[in-house]
Amino acid sequence: MFEFRIIAECKKTGARAGELTTPHGVIKTPVFMPVGTLATVKAMSPDELVQINSQIILGNTYHLFIRPGNEIMSEAGGLHKFMNWHGPILTDSGGFQVFSLAKLQKITDEKVICRSHKDGSLLEMSPEWSMRTQKILGSDIAMCFDECAPFPTTRDNAANAVRRTTLWAERCKKYFAEHSDSQAQALFGIIQGSVFDDLRLQSANEIVNLDFPGYAIGGLSVGEDHATMYHVLDVLNPVLPQDKPRYLMGVGYPLNLVEGIARGIDMFDCVLPTRNGRTGTMFYSKGRINIRGQKYAHDFSRIDPDCDCYACRNFTRAYIRHLSHCGEILGARLCSLHNLRFSIHITELAREAIIAGNFPEFLQEFNANFHDTDSQD
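In short, a report on the structure.

About the criteria used
Residues take numbers from 1 onward in each chain, read along the sequence in its written order. A pLDDT threshold of at least 70 governs which residues receive local features in this predicted model, and a stricter bar of 80 or more applies before side-chain atom pairs are shown or counted, although totals over entire chains, interfaces and linings include all residues. Computation of side-chain values: all heavy atoms of the structure, hydrogens and water removed. Helix and strand assignments follow DSSP, with helices taken as H or I runs no shorter than four residues and strands as E runs no shorter than two, numbered in order from the N terminus. Polar contacts here mean pairs of N or O atoms no more than 3.5 Å apart (in protein, one a potential hydrogen donor and the other a potential acceptor; neighbouring residues in sequence count only if both atoms are side-chain atoms). A contact between two residues is defined here by any heavy atoms of the two lying within 4.5 Å. The buried label goes to any residue with under 20% of its type's maximum accessible area, the exposed label to any with over 50%, and the partly exposed label to all in between, with areas taken from a 1.4 Å probe on protein chains only. By definition, two strands form a pair when at least two bridges between them are found by DSSP. Here a pair means two rings of Phe, Tyr or Trp (six-membered ring of Trp) with centres within 6.5 Å. Their orientation is stacked below 30 degrees between planes, edge-to-face above 60, and tilted elsewhere. Think of it as the arc spanned by the lines of direction from the helix axis to the C-beta atoms. Fitted lines through C-alpha atoms give the axes, limited to the stretch in contact for helices. The angle between two N-to-C directions lies from 0 to 180 degrees. Here roughly perpendicular refers to angles of 65 to 115 degrees, roughly parallel to angles under 35, roughly antiparallel to angles over 145, and oblique to all remaining angles. Helix crossings are classified by the rotation of the near helix relative to the far one: an anticlockwise turn of less than a right angle makes the crossing left-handed, while a clockwise turn makes it right-handed. Any residue outside Ala, Val, Leu, Ile, Met, Phe, Trp, Tyr, Cys, Pro, Asp, Glu, Lys and Arg is labelled polar, Gly included; the first ten of those are nonpolar and the last four are charged. Here, a salt bridge means any side-chain nitrogen of Lys or Arg that lies within 4 Å of a carboxyl oxygen of Asp or Glu.

Turning our attention to the side chain of glutamine 185. Mapped onto the elements, glutamine 185 comes out in the loop between helix H7 (155-179) and strand E11 (186-191). A distance of 3.1 Å separates a polar atom in the side chain of glutamine 185 from the backbone oxygen of serine 139. With residues near it in sequence (within four places) discarded, glutamine 185 still touches Phe2, Gln134, Lys135, Gly138, Ser139, Asp140, Ala142, Phe176 and Ser180.

This is the structure we're talking about:
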């Protein structure tokens, strides 16, 4: 049921165009995955996600364990039925949220003891807990429970996180093999190591040796600069299996998408499109704009004339600015819809360029046009 095949490659950069077959459909890569943390992509209906060509979405194990909980999710028949989404779903293991949101009480090689960020209740989480919960969620792709070291961190802390991530990956794989259906759900391993080259290579070697059907790169986009992120990807690109999908976790800034694709990444996810959309920040081919600015009050042009989303086809900057400025829900929805479509469209254009054999030109043109500051339009 799970198969990944590469359709075309850019020999100059390492960019790949592929197809990932899952029980709920074939995903054309590279792909951007909208984040549906709590069984919904914020402000978007499933039909709207289909309209902007979302191929796969992400849910989060920790958040869904807190609310609505495993009992209700089991009664609902899993995450697909619960949220009425018919395409593929990937679930994050919950590891990142345990360390970033929950109040950590104690961490050992056996488990994590923390308090819920919602009500302070005591929680015990382990690789087995993550696998059990993700089985109930019924995602197409489950992720191993890992330890994501904070940034910045010491080398010793990063090394310990690598050791524990490997230990937990072994336990995840064992529990998965004994309790889950490999035809219904795939388990991806996660590579850690912060910004230390030798630890990244060590983690990659240990996780790849466990032979997962796909590999994720965690612990990036946590505060490091773009150049550091790209360096880590350059270190890992040659050592990751060429015939398996690669997932860069939590990365969605437009420049990071194209540069990640250039370094062999196949899958991305990030809350950035909807988070920025709710505050009126919108991406387009030249960079980003804050639609709440006064200068857009009389701007009756489209957000992006090259975008085919509902917001760009039907409304002006002046109207969307009015909605956002007044706090109207439609403003946040239109901004979020556009940002999601823009992110997805980047990966579509990159795929087309890889197949056509002109990805280096696409990369150069995108980087030349997209300015890493607020647009002056």
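This is not the end of the story, as more comes after the structure.
The subject of this paragraph is the pairing of strand E5 (residues 57-60). Judged by which residues are buried, E5 turns out to be covered on both faces: Ile57 and Gly59 on one side and Leu58 and Asn60 on the other are all buried. Here E5 runs beside strand E6 (residues 89-92); their pairing, made up of 4 bridges, is parallel. Across the sheet, asparagine 60 pairs through a bridge with aspartate 92, a residue of E6.

As a further point, take the packing of aromatic side chains. Throughout the structure, instances matching the rule amount to 12 aromatic pairs. Centroid distance phenylalanine 212 to tyrosine 215: 6.4 Å. Interplanar angle 85 degrees. Geometry classified as edge-to-face. Pairing phenylalanine 362 with phenylalanine 366 gives two aromatic rings, centres 6.2 Å apart and planes at 40 degrees, and the pair type is tilted. Taken as a pair, phenylalanine 362 and phenylalanine 366 lie in helix H15 (residues 359-369) at a separation of 4 residues, close to a single helical turn.

Glancing now at unusual backbone geometry. Here the bond from threonine 29 into proline 30 is cis, since omega is 5 degrees, no more than 30 degrees from zero. Assignment of secondary structure puts proline 30 in the loop between strand E3 (25-29) and strand E4 (31-34). The linkage connecting phenylalanine 151 with the following residue, proline 152, adopts the cis geometry, with an omega of -5 degrees. Mapped onto the elements, proline 152 comes out in the loop between strand E10 (141-143) and H7. For alanine 39, which is not glycine, the phi torsion reads 70 degrees and is therefore positive. Its location among the elements puts alanine 39 in the loop between E4 and helix H1 (46-51). Note on alanine 39: relative accessible area 11%, which makes it buried. The backbone phi angle of serine 221 is positive, close to 55 degrees, even though this residue is not glycine.

Right, let's get into H15. Among the residues of H15, Phe359, Pro360, Phe362, Leu363 and Phe366 are the ones counted as buried. Viewed along the axis of H15, the buried residues span an arc of 160 degrees, placing them on a single side of the element. Residues of H15 that are exposed and point more than 90 degrees away from the buried face comprise Gln364, Glu365 and Ala368. Packed against the buried residues of H15 are helix H10 (254-262) and helix H14 (329-356).

Here we come to the packing of helix H13 (residues 317-326) against H14. Two numbers describe a pair of packed helices, the interaxial angle and the distance between the axes. Where H13 contacts H14, the axes come no closer than 7 Å and their chain directions differ by 125 degrees. Between H13 and H14, the interaxial angle falls into the category oblique. Both H13 and H14 take part in a crossing whose hand is left-handed. Residues Tyr319, Ile320, Leu323 and Ser324 of H13 touch H14, and the partners they reach there are Leu330, Gly331, Leu334 and Cys335. The class makeup of the residues in the contact of H13 with H14 is 6 nonpolar, 2 polar and no charged.

Once that is clear, we can look at the environment of tyrosine 175. Within the fold, tyrosine 175 resides in helix H7. A C-alpha to C-alpha distance of 8.3 Å links tyrosine 175 and arginine 132, two positions 43 residues apart in sequence. Ignoring sequence-local partners within four residues, the contact set of tyrosine 175 consists of Glu128, Met131, Arg132 and Ser180.

All told, the structure shown has 18 salt bridges when counted by the stated rule. Linking glutamate 110 and arginine 171 is a salt bridge whose minimum nitrogen-to-oxygen distance equals 3.6 Å. Of the two residues, glutamate 110 is situated in the loop between strand E7 (103-107) and strand E8 (112-115) and arginine 171 in helix H7; the sequence distance between them amounts to 61 residues. The class of arginine 171 is buried, set by a relative accessible area of 16%. Its salt-bridge partner being glutamate 128, residue arginine 171 comes within 2.7 Å of it at the nearest N-O pair. Pair noted here: arginine 171 is in helix H7 and glutamate 128 is in helix H6 (residues 127-137), with a separation of 43 residues, a long-range link. It is possible to trace a salt-bridge network through shared partners that takes in Asp109, Glu147, Arg163 and Arg164.

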